[in-house]
Every structure is written in structure tokens, then in C-alpha cells.
Amino acid sequence: MPGLALLGLTALLGLTALLGRGKGAPLCLSRQLRMQGDYVLGGLFPLGSAEGTDLGDRLQPNATVCTRFSSLGLLWALAMKMAVEEINNGSALLPGLHLGYDLYDTCSEPVVAMKPSLMFMAKAGSCSIAAYCNYTQYQPRVLAVIGPYSSELALVTSKFFSFFLMPQVSYGASTDRLSNREVFPSFFRTVPSDQVQAVAMVELLQALGWNWVAALGSDDEYGRQGLSLFSSLANARGICIAHEGLVPLPHRGSLRLGTVQSLLHQVNQSSVQVVVLFSSTQAARTLFSYSIRYKLSPKVWVASEAWLTSDLVMTLPGMAEVGTVLGFLQQGAPIPEFPSYVQTRLALAADPAFCAALDAEQPGLEEHVVGPRCPQCDHITLENISAGLLHHQTFAAYAAVYGVAQALHNTLLCNASGCPTREPVQPWQLLENMYNMSFHARGLALRFDASGNVNMDYALKLWVWQDPTPELRTVGTFNGRLELWHSQMRWHTPGKQQPVSQCSRQCREGQVRRVKGFHSCCYDCVDCKAGSYQRNPGDLLCTQCDQDQWSPDRSTRCFPRRPMFLAWGEPAVLVLLMLLALALGLVLLVLGLFIWHWNSPLVQASGGPRACFGLACLGLACLSALLLPGQPGSASCLAQQPLLHLPLTGCLSTLFLQAAEIFVGSELPPSWADELCGHLRGPWAWLLVLLAMLAEAALCAWYLVAFPPEVVTDWRVLPTEALVHCRVRSWISFGLVHTTNATLAFLCFLGTFLVQSRPGRYNGARGLTFAMLAYFITWISFVPLFANVHVAYQPAVQMGATLFCALGVLATFYLPKCYLLLQRPELNTPEFFLGDNTRGQGSSGGRGRGDSGQKQAAPDPVTSPQ
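All values derive from a computational prediction rather than experimental measurement.

The rules we used
Residues numbered from 1 in each chain as written. Predicted model: local features only at pLDDT ≥ 70, side-chain atom pairs only at ≥ 80, totals over all residues. Heavy atoms only, no water. Helix = DSSP H or I, 4+ residues; strand = E, 2+ residues; numbered from the N terminus. Buried < 20%, exposed > 50% of the residue type's maximum accessible area, 1.4 Å probe, protein only. Contact = heavy atoms within 4.5 Å. Areas by Shrake-Rupley, 256 points an atom, 1.4 Å probe, with all protein chains shown as cover. Pairing = 2+ DSSP bridges. Axes fitted to C-alpha atoms, helices over the stretch in contact; angles between N-to-C directions. Salt bridge = Lys/Arg side-chain N within 4 Å of Asp/Glu carboxyl O. Disulfide = S-S within 2.5 Å. Phe/Tyr/Trp six-rings, centres within 6.5 Å; stacked < 30°, edge-to-face > 60°. Right-handed = clockwise from strand over helix to strand, strands pointing away. Patch = residues over 30% accessible without salt bridge, like charges linked within 9 Å, V, L, I, M, F, W, Y side chains within 5 Å. Expected span 1.5 Å × (residues − 1). Parallel < 35°, antiparallel > 145°, perpendicular 65-115°, else oblique. Left-handed = near helix turned anticlockwise from the far one by under 90°. Nonpolar A, V, L, I, M, F, W, Y, C, P; charged D, E, K, R; others polar.

Chemist: I'd love a proper account of the overall build of the protein, names of residues and values included.
Modeler: Within the protein, the regular secondary structure consists of 28 helices and 27 strands. With 866 residues in all, the protein has 52% of them scored as buried. In the protein, of all internal contacts separated by at least 6 residues, the share reaching a separation of at least 24 is 70%. Entry remark: accessible area of the protein is about 38000 Å², with carbon and sulfur atoms responsible for 59%.

Written as C-alpha cells, this is what we have:
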């Protein structure tokens with residue numbers, strides 16, 4: 001299509017040259033801006049501008065002269081005229097009806113645009129607006145208004161038209177404020193809102209990895225609103241704006257040169273490589289003029305739609321030195337016939353006969369009310385406007401007419417055969433049918449949403465420099481989702497590489513950002529410590545793992561903790577199991593020897609049944625160590641202490657009885673000794689054992705009821721595992737459980753430590769003394785070890801203490817007796833082992849046998865005095 005249009009444009013230039021119109025002869029183009037019809041549409045177009053006129057100095061509400069001609073404004077007006085004529089000449093819309101139009105110049109100034117707006121609302125057939133309480137039946141001169149182009153003008157006129165509920169369709173006002181239905185209920189537009197363009201800009205910055213940018217806007221409604229929208233969206237998406245400012249308009253009093261210089265200086269001195277410029281054409285030209293003059297380093301300029309295609313900016317000398325320019329442009333449908341239509345209008349405007357007929361058909365243009373419509377339009381040539389023939393905004397003005405026509409078509413209930421009624425239609429009736437209305441223009445389906453906006457796709461355009469002006473190359477699209485064509489990108493930067501615009505480098509995996517200063521994009525990268533991880537790439541804080549998970553340093557995920565306990569296969573447990581086997585083997589060996597030599601003096605002197613009972617209890621204490629390895633359970637936690645201490649109490653109580661015998665026999669008078677030894681060897685001895693065990697059982701029961709140990713899972717004590725162990729709820733009660741055994745051991749030690757054994761007798765006190773020393777050394781060492789060792793190895797310490805205690809008792813008390821049984825059987829005599837203790841049996845001959853044994857036996861280390 002653009003190729004056909006260019007061919008048509010070439011043909012137009014040739015035809016214009018062939019017209020041979022005399023120089024200086026005025027056209028009657030301005031008289032073609034009005035046409036009568038059954039229903040008339042008003043039009044507001046920037047046919048000129050008031051540059052050079054200081055409107056701020058006005059003291060009277062007099063007329064404003066528009067000095068500078070705007071070719072684009074005229075072309076948009078002709079596009080509206082073309083659309084009206086197409087509808088009138090076709091049968092798809094409003095068959096049998098004739099639309100008219102009344103087009104005025106806004107001069108791009110609100111004070112100028114208000115005059116035609118008042119004229120539009122004048123009562124039909126007059127030039128005045130009547131005051132009524134109710135305007136429901138009020139019939140103004142026009143049914144709807146097309147325009148104006150700029151947001152600043154639309155904000156003024158739409159408030160005025162909204163009072164009367166006059167439909168207004170703009171072809172260029174994109175400020176998002178106009179989407180407010182409470183303030184602007186009758187406003188519509190055929191261009192997307194700035195909200196869409198701002199979203200597209202933010203997604204472009206994100207896609208290219210630019211999060212450190214400058215944002216500038218023109219000091220008008222379009223620039224301020226666009227800059228505000230972009231800033232809020234950018235901040236929400238993690239894009240930091242290093243510098244933000246407004247560019248003054250050149251005709252707003254004296255130009256604030258210092259403001260522009262300050263903006264440029266801030267941008268030039270920073271590390272920002274990307275500048276977003278949401279600006280009108282005049283402000284953009286002003287900014288780039290100073291940028292070129294002061295030699296701003298090349299940047300990437302993300303342009304708003306208003307200046308992206310502006311000849312005022314493109315043709316600025318030195319513009320190729322500013323860097324890379326890219327921006328979004330709305331994609332309408334092509335109008336290939338438009339250049340030829342414009343040529344036809346110009347040709348007719350130069351035909352005196354046509355102009356004369358036009359004057360006869362049209363009534364006065366009422367220039368005495370609103371001033372000349374477009375005096376400059378009557379002194380142009382095709383060359384003056386040829387550059388804008390393919391402007392993208394032309395379709396928006398064209399489509400606005402089709403939107404109003406479709407609404408009128410629906411209001412009049414028209415069909416292919418015609419319109420059933422031709423009654424007058426009030427503007428508010430037309431408005432009812434425009435909300436959420438679909439229509440077509442040049443085959444493109446459009447729809448006004450509830451806010452009066454249309455959804456149109458955008459093309460991402462890049463300036464590719466070709467003398468003297470750049471070519472607009474399409475490098476992507478945006479239809480709610482951005483698509484980039486990287487192969488078409490051309491960067492006007494050193495090395496032709498895509499620029500980088502970031503305050504800080506991207507953090508690596510497992511690192512989070514620690515923000516420096518006020519901008520979230522300026523940060524230090526901090527490693528996530530063990531137990532935390534980086535959840536998302538832009539996180540500012542590490543996320544803690546759940547208690548049942550773990551993570552290493554600089555991790556991006558957590559791992560499940562596996563349960564950890566003193567496993568059976570660990571080396572320490574295997575060593576302890578070997579000690580357990582040794583202890584049990586020794587217990588069984590000693591027990592077997594004692595049973596085999598049951599009636600021997602040695603076994604009887606050791607307590608006989610009580611000695612075997614003590615050995616059995618010692619074996620059970622060793623077996624209780626098997627409760628400590630493996631995964632803890634409630635039952636094992638509750639049984640550990642009772643099954644250790646009760647058997648140990650049974651063993652120590654038997655040793656206490658033997659120590660008491662030795663003490664009584666050695667330290668008390670013979671008369672007392674005989675009687676007490678009889679009790680210590682008789683049934684009363686078993687009663688003492690039972691009482692000791694009942695006392696220990698009571699302590700264990702109190703411990704289990706008052707402070708029962710429980711199975712707990714400790715998630716923090718180990719870095720990668722969950723420690724499952726039995727938790728002691730009260731260390732005081734845990735210590736009190738040892739009270740009975742400690743008391744028995746202490747009494748044994750006291751009863752044997754100072755006893756003087758007689759020469760030639762077996763020194764049983766010494767074995768008991770060393771056995772109790774082994775007990776105390778073991779359990780006193782256990783306390784600091786158990787308190788300071790890692791909780792994961794506390795069961796191993798307790799298991800080791802139990803086994804070393806048993807082995808100590810075996811080695812110091814029982815194994816020497818086995819040695820005598822096996823290696824010194826000649827000493828296994830009543831005299832050597834029983835000696836004076838036979839007094840308890842009432843036999844004086846026993847002492848004689850003991851004396852005889854003493855005379856026959858030679859001194860032995862086992863029998864030497866202590």
C-alpha cells in the first residue's frame with residue numbers, strides 16, 4: 001500500500017505541474033470546509049498555529065490571529081471530508097441520508113477552539129446558545145464533533161460538550177484523564193490512550209534490559225500526564241528513573257533556558273544511556289536544539305507518538321548525532337486513495353467555475369462570528385502538503401467519522417433498504433448508541449469500550465538515518481504483548497552494539513539486592529546465607545527456608561532435610577556395640593564361672609546368689625544401651641533411663657551388701673559383727689536390695705510422670721538435617737534419677753576405702769573400692785561431656801558411659817576373682833576367702849582353719865594388705 005501511495009503521489013506532482021495555475025491566484029479550499037446535510041458534524045482541526053502571538057498578554061477577549069499554516073491539520077480535515085463523502089455516496093451506512101460537516105481551525109489554542117465549540121452548540125439556525133433548565137429537546141447546529149487533535153484542547157472542549165452530552169470523537173487526544181466517564185461522559189477517540197503507549201514503553205525497556213533511565217515530558221497536558229503514567233508504571237515494574245523533568249514550550253512566554261540546560265546537564269553527567277521523552281513536537285524540537293548545540297553524548301531516545309514522525313524534529317540540523325530514536329506508532333488501515341483525493345480537492349479549488357458554484361450553493365461562512373476559517377489554505381500547493389499525505393494520524397480522523405455515522409445508523413434503525421425515520425436526533429440520543437459500539441473503517445474492525453477508547457495495535461519504529469531525513473523501520477509490534485525483531489535493530493552507538501543502561505550489574509544466582517540510596521536499581525549484590533535462598537531475580541531480601549528445609553550459601557532453592565539420629569551403622573556406634581559385646585561376654589563368662597564354682601569359698605565369699613544377681617543386673621544395664629541408637633520413639637525415650645538405672649541399682653545394692661560385710665567384719669566388735677553379718681547374709685539382705693530398687697523405681701516413676709522425655713525434631717541444630725532426639729525436659733530431675741545409685745556407690749566407697757585387711761586374707765575391700773572409683777570416674781566424666789558434646793552425639797556419650805561403667809566394675813571387682821578361680825585355684829579355700837567371717841556361723845574351728853590356711857599360704861599380691 002505505501003508503494004501505491006508513493007506512485008500516486010508522484011502522479012499528483014506531475015498533474016499539479018500540468019495544471020498551470022497562475023501564480024498568486026487564490027484557491028477556494030477554505031470554502032470547501034463546510035457542507036449542508038440532513039445531519040451535520042462539527043470538526044476541530046489545527047489548520048494553523050498562533051506561534052509568535054503572546055496569548056498571555058491579552059487584555060481583551062478579542063480575536064486571535066493564526067499565523068502559521070499546519071499542513072497536517074488540513075490533511076486531517078480533508079480526511080474527514082473524504083469519509084463524509086464516501087458515506088454519502090455509499091449505501092452501507094445511512095442509505096438515503098446526506099451528512100454535512102462544518103470544519104473550523106483551533107489554532108492549537110484553547111481560546112481559539114472555544115469559539116467554534118460555542119458555535120456548534122448554538123441553536124440550529126442561529127448563532128446563539130439559549131439558556132434552558134432542560135436541554136433534552138435542545139437541537140444544536142451539529143449532531144457530533146470530530147476533534148480536536150491535542151489533549152490540552154480536548155480537556156477544555158470535552159468538559160463543555162459533556163454538559164450537553166454532545167458526542168465528541170477525537171482523532172489525537174490521548175491523555176488518560178479523558179477516560180474518566182464521570183468527568184467526560186461524551187468523549188470518545190479513535191486513538192489508544194496514553195496508558196497503552198506507556199505500558200508498551202515500559203515493556204520495551206524491560207525486554208531490552210534497561211532499568212536506569214531518564215524521563216522527560218513537555219510542559220503541557222500531554223507531556224505531564226504521559227510522564228506521570230510512565231513513571232508510575234516504570235516504578236511498579238522495577239525501572240528506576242534517575243532524572244525526571246519537564247521541557248518548557250517555546251511559545252509559553254520566555255523560554256526557560258536554564259531549565260533545559262539543567263535537564264541536559266543532569267542527563268549528560270549521569271550513567272543513563274536511555275531517555276524516555278513524552279513530549280509534544282514543539283517541546284521535543286526545543287530540547288534537541290539545545291542538545292545538539294551543547295553536544296550531548298549520544299543516547300537512546302524512546303519517543304512518544306506525538307514527535308516520533310514529526311518533520312519539525314526529523315529535519316533539525318545535526319539530529320543524526322543525538323543517537324538512536326525508537327518509539328511506538330499506532331497501526332491504522334491504509335487509505336491509498338487519499339493522495340488522489342487531495343489532488344482532486346486542490347484541483348477543484350483552483351477551478352473558478354467550481355468555486356463560483358460553491359459560493360452559490362453554500363450560505364455565508366459566518367466569518368464575522370468566528371473569523372476566517374483558514375486563509376492560508378487558499379494559498380498552498382500540493383508540494384506544501386505532500387510530506388504528510390501518508391501520515392498515520394489521517395486514518396484516525398477518517399475512522400472518527402465512521403464511528404459517528406455508525407452510531408447515527410443504529411439510532412435511526414437504518415438497514416440496507418434505508419432509514420425508517422428521518423426525525424431530528426438530539427446529541428444525547430446518539431450518545432446512547434456509542435458506548436461499547438463496534439464499527440468498521442477501511443475493513444478494520446474497531447470498537448469503543450466503556451471508557452470511549454479503541455484498541456489498536458502499535459508498531460515499534462526505529463529511525464534509520466538516510467540523508468536528509470531518517471527512514472522509519474518497523475522493528476517490532478505491540479498488541480498487548482511486545483514482540484521485538486532483533487535482526488532489524490540498528491544501534492547508533494559506538495561499536496553498533498546494544499547499549500546498557502543499568503545503575504548496577506545484574507546479581508548472580510543466589511544473590512539479592514541491597515539498595516543504595518533512593519533508587520531500587522542502585523544496589524550491592526549480597527549472597528544469601530545458608531538456610532535462605534533467592535526466590536525471584538529482583539528480590540531485595542533472601543527468603544528463609546521452611547523449618548523442614550535447608551539450603552547452602554547462594555542458593556536459589558531449598559532442599560528437604562533428612563532425619564538424623566544416632567544410626568546403627570555409624571562408626572562410633574559400631575565401636576560401642578563391640579564394647580557392648582565385650583561387656584556382655586565378660587558378664588556371661590563371670591556368671592558361668594560363678595555357677596560352675598557355685599560352692600567354692602570364693603563364690604560364697606562374693607555373695608553367692610547375690611553375686612550372680614548383681615552380674616545379671618549388670619548385663620541388663622549393658623543391654624539398656626541398645627535403646628540409644630536408632631530413630632527415637634516415644635517408648636524408647638521413656639524406657640531409656642529406667643532400664644539403665646534399675647538394673648544398675650540392683651548391681652550396686654549387692655556390692656553395697658558385700659562392702660557392709662567387710663566393714664562390719666573389720667571395724668566393729670566381734671559380738672556385733674557376728675550378728676550383723678548374719679543379717680547381711682540372710683533374707684534381710686534381699687530385702688535391702690528390694691528396697692533400693694523400689695527407691696530407684698519411685699524416682700524413675702516420678703521422673704517419667706513429672707518430666708517425661710519426649711521425641712522432638714530439631715530443625716536448626718544441624719545445617720542440612722533434622723535432628724530427631726529425646727529431649728530432657730528437666731536436667732534436675734534427670735540428675736535426681738542417679739541419686740540412689742550414687743548413694744549406694746558412695747556408701748560402698750566409704751565402707752571399703754579405710755578398711756584394713758588382715759594378712760593372709762583375701763582383700764575384698766580393694767576390689768570394691770576400685771569398682772566404685774570406676775563408677776564415679778565414669779559418671780563424673782559423663783556430666784561435662786554430655787553437657788558440652790553436640791546434641792546429635794549425646795546418645796553415644798550416654799551409651800559409652802553405661803558400657804564403661806559396666807566394664808569398670810567387671811575389671812576391678814569380678815575379673816580378679818575369675819583370675820583366682822582359673823589361675824590360682826590353690827587359694828580358693830575357706831580360710832583365705834572366709835577367714836574371720838566364719839564367726840557369723842558360730843564355729844571357732846573356722847578361725848583355726850583360717851589360721852592354718854594363713855600359715856600354709858604364701859603372700860600374694862591379691863592378698864597383700866591395702
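After that view, the rundown keeps rolling.
Chemist: Tell me about the sheet that holds strand β18 (residues 482-484), residues and numbers included.
Modeler: If you trace the eight strands from one edge of the open sheet to the other, you get β10-β9-β11-β12-β13-β16-β17-β18, paired in mixed fashion. Edge positions in the sheet fall to β10 (240-247) and β18, since each of these pairs with one other strand and no more. The sheet shows a mean angle of 30 degrees between the axes of neighbouring strands, taken without regard to direction. Here helix α5 (residues 194-207) sits on the sheet and contacts β9 (212-218), β11 (274-278), β12 (299-303), β13 (323-330), β16 (458-466), β17 (469-478) and β18; the angle it forms with β11, its principal contact strand, is near 175 degrees.

Chemist: Can you tell me about the environment of Q631, naming the residues and giving the values?
Modeler: As for its placement among the helices and strands, Q631 is situated in the loop between α19 (609-623) and α20 (634-667). The exposure class of Q631 is exposed, given its relative accessible area of 53%. With 68 residues separating them along the chain, Q631 and P563 place their C-alpha atoms 8.7 Å apart.

Chemist: Break down unusual backbone geometry for me, citing the residues and quoting the values.
Modeler: Cis peptide bonds are those with omega within 30 degrees of zero, and the linkage from G147 to P148 qualifies with 0 degrees. Examined against the element boundaries, P148 turns out to sit in the loop between β6 (144-146) and α4 (151-164). Positive phi, close to 55 degrees, is recorded for R442, a residue that is not glycine. Relative to the assigned elements, R442 resides in the loop between β14 (438-441) and β15 (444-447). Residue R442 is classed as partly exposed on the basis of its relative accessible area of 28%. Positive phi values are uncommon outside glycine, yet R554 reaches one of about 55 degrees. Examined against the element boundaries, R554 turns out to sit in the loop between β23 (549-550) and β24 (559-560). Given the relative accessible area of 35%, R554 is considered partly exposed.

Chemist: Tell me about the pattern of salt bridges, and please be specific about residues and values.
Modeler: Opposite charge on two side chains makes pairing possible when the charged atoms of those side chains draw close. Counting across every chain of the model gives twelve salt bridges. Where D219 meets R224, a salt bridge forms, and the shortest distance between an N and an O atom there is 2.9 Å. D219 sits in the buried class, given a relative accessible area of 18%. Between D527 and R554 there is a salt bridge, with its nearest N and O atoms 3.9 Å apart. Taken together, the residues D527 in strand β20 (residues 523-527) and R554 in the loop between β23 and β24 connect sequence positions 27 residues apart.

Chemist: Can you explain the state of the cysteines? Please cite residues and give values.
Modeler: Taken as a whole and assessed by the stated rule, the structure comprises nine disulfides. Linked covalently through their sulfurs, C240 and C521 form a disulfide whose S-S length is 2.2 Å. Here the S-S torsion is close to 90 degrees, and the disulfide linking C240 with C521 is therefore right-handed. With C240 in strand β10 and C521 in the loop between β19 (511-515) and β20, this pair connects stretches of sequence that are 281 residues apart. The class of C240 is buried, set by a relative accessible area of 4%. Between the sulfur of C637 and that of C726 lies a disulfide, 1.8 Å long from S to S. Here the disulfide of C637 and C726 is left-handed, its torsion about the S-S bond being about -80 degrees.

Chemist: Give a detailed account of the packing of aromatic side chains, specifying residues and quantitative values.
Modeler: Aromatic rings considered in pairs are described by the distance between their centres and by the relative angle of their planes. If you walk through the whole model with that rule in mind, you get 40 aromatic pairs. For the pair F45 and Y171, a centre-to-centre distance of 5.0 Å together with 20 degrees between the ring planes defines the contact as stacked. Highlighted residues: F45 in strand β2 (residues 39-45) and Y171 in the loop between β7 (168-170) and β8 (187-189), separated in sequence by 126 residues. When sorted by exposure, F45 lands in the same class as Y171, which is buried.

Chemist: Account for the pairing of β11, naming residues and giving values.
Modeler: Within β11, five of the five residues are buried, which leaves it mostly tucked inside the rest of the structure. Of the two faces of β11, the one lined by V274, V276 and F278 and the one lined by V275 and L277 are each fully buried. The pairing of β9 with β11 spans five bridges and is parallel. Looking across to β11, one finds that G217 is bridged to F278. Summarising the sheet, β11 and β12 pair through four bridges and their orientation is parallel. Bridging from a neighbouring strand, L277 pairs with A303 of β12. The handedness of the β11 to β12 crossover, carried by helix α8 (residues 281-293), is right-handed.

Chemist: Residue-level account of the pairing of β2, with values.
Modeler: When a strand is regular, its side chains alternate between the sheet's two faces. Judged by how many residues are buried, β2 sits mostly within the fold: seven of seven residues are covered. Burial along β2 is two-sided: Y39, L41, G43 and F45 facing one way and V40, G42 and L44 facing the other are all buried. By the bridge criterion, seven bridges tie β2 to strand β5 (residues 99-105) in an arrangement that is parallel. Each residue of the ladder has a partner; that of L44, found in β5, is Y104.

Chemist: Quick rundown of a nonpolar patch on the surface? Include the residues and the values.
Modeler: Together, W684, L687, L690, L691 and L694 line one region of the surface with nonpolar side chains, adding up to about 520 Å² of accessible area. If you trace the backbone, L691 turns up in helix α22 (residues 683-706). Since its relative accessible area comes to 48%, L691 is described here as partly exposed.

Chemist: Explain the sheet that holds strand β1 (residues 34-35) to me, using residue names and the numbers behind them.
Modeler: Read across the open sheet, the six strands follow the order β1-β5-β2-β6-β7-β8; overall the sheet is mixed. Two strands close off the open sheet at either side, each with one partner strand: β1 and β8. Strand direction decides the pairing type here: β6 and β7, joined by two bridges, are parallel. Paired with V145 across the two strands is Q168, which belongs to β7.

Chemist: Requested: an account of the side chain of T394, with residues and values cited.
Modeler: Looking at the secondary structure, you find T394 in helix α15 (residues 393-411). The class of T394 is buried, set by a relative accessible area of 3%.

Chemist: Go over helix α2 (residues 71-89) with me, naming the residues and quoting the values.
Modeler: Taking 1.5 Å of rise per residue, the 19 residues of α2 would be expected to cover 27 Å, and the 27 Å separating its terminal C-alpha atoms lies within 8% of that figure. Where burial is concerned, most of α2 is hidden: 16 out of the 19 residues are buried.

Chemist: So what's going on with the packing of helix α17 (residues 571-596) against α19? Which residues, and what values?
Modeler: Where α17 contacts α19, the axes come no closer than 10 Å and their chain directions differ by 165 degrees. With respect to α19, the axis of α17 lies roughly antiparallel. In the crossing of α17 with α19, the sense of the turn from one axis to the other is left-handed. For the pair formed by α17 and α19, the contact residues are L580, A583, L584, V587, V590, L591, F594 and I595 on the first element and A611, C612, L615, G619, C622 and L623 on the second. Residue composition of the contact of α17 with α19, grouped by class: 13 nonpolar, one polar and no charged.

Chemist: Explain the packing of α17 against helix α26 (residues 794-823) to me, and be specific about the residues and the numbers.
Modeler: Look at α17 against α26: their axes get within 9 Å of each other, and the N-to-C directions meet at 30 degrees. Taken together, the axes of α17 and α26 lie roughly parallel to each other. Like other packed secondary-structure pairs, α17 and α26 cross with a definite hand, here left-handed. Its residues placed into classes, the contact of α17 with α26 shows 22 nonpolar, one polar and one charged.

Chemist: Residues and numbers for α5, please.
Modeler: Note that an α-helix has 3.6 residues per turn; residues three or four places apart therefore point the same way. Taking 1.5 Å per residue as the helical rise, α5 with its 14 residues ought to reach 20 Å, and the 20 Å between its terminal C-alpha atoms agrees with that figure. Within α5, ten of the 14 residues are buried, which leaves the element mostly enclosed by the surrounding structure. Those residues of α5 lying buried are D194, Q197, A198, V199, A200, M201, V202, E203, L204 and L205. A positive backbone phi angle near 75 degrees is found at G209, which sits one or two residues after α5.

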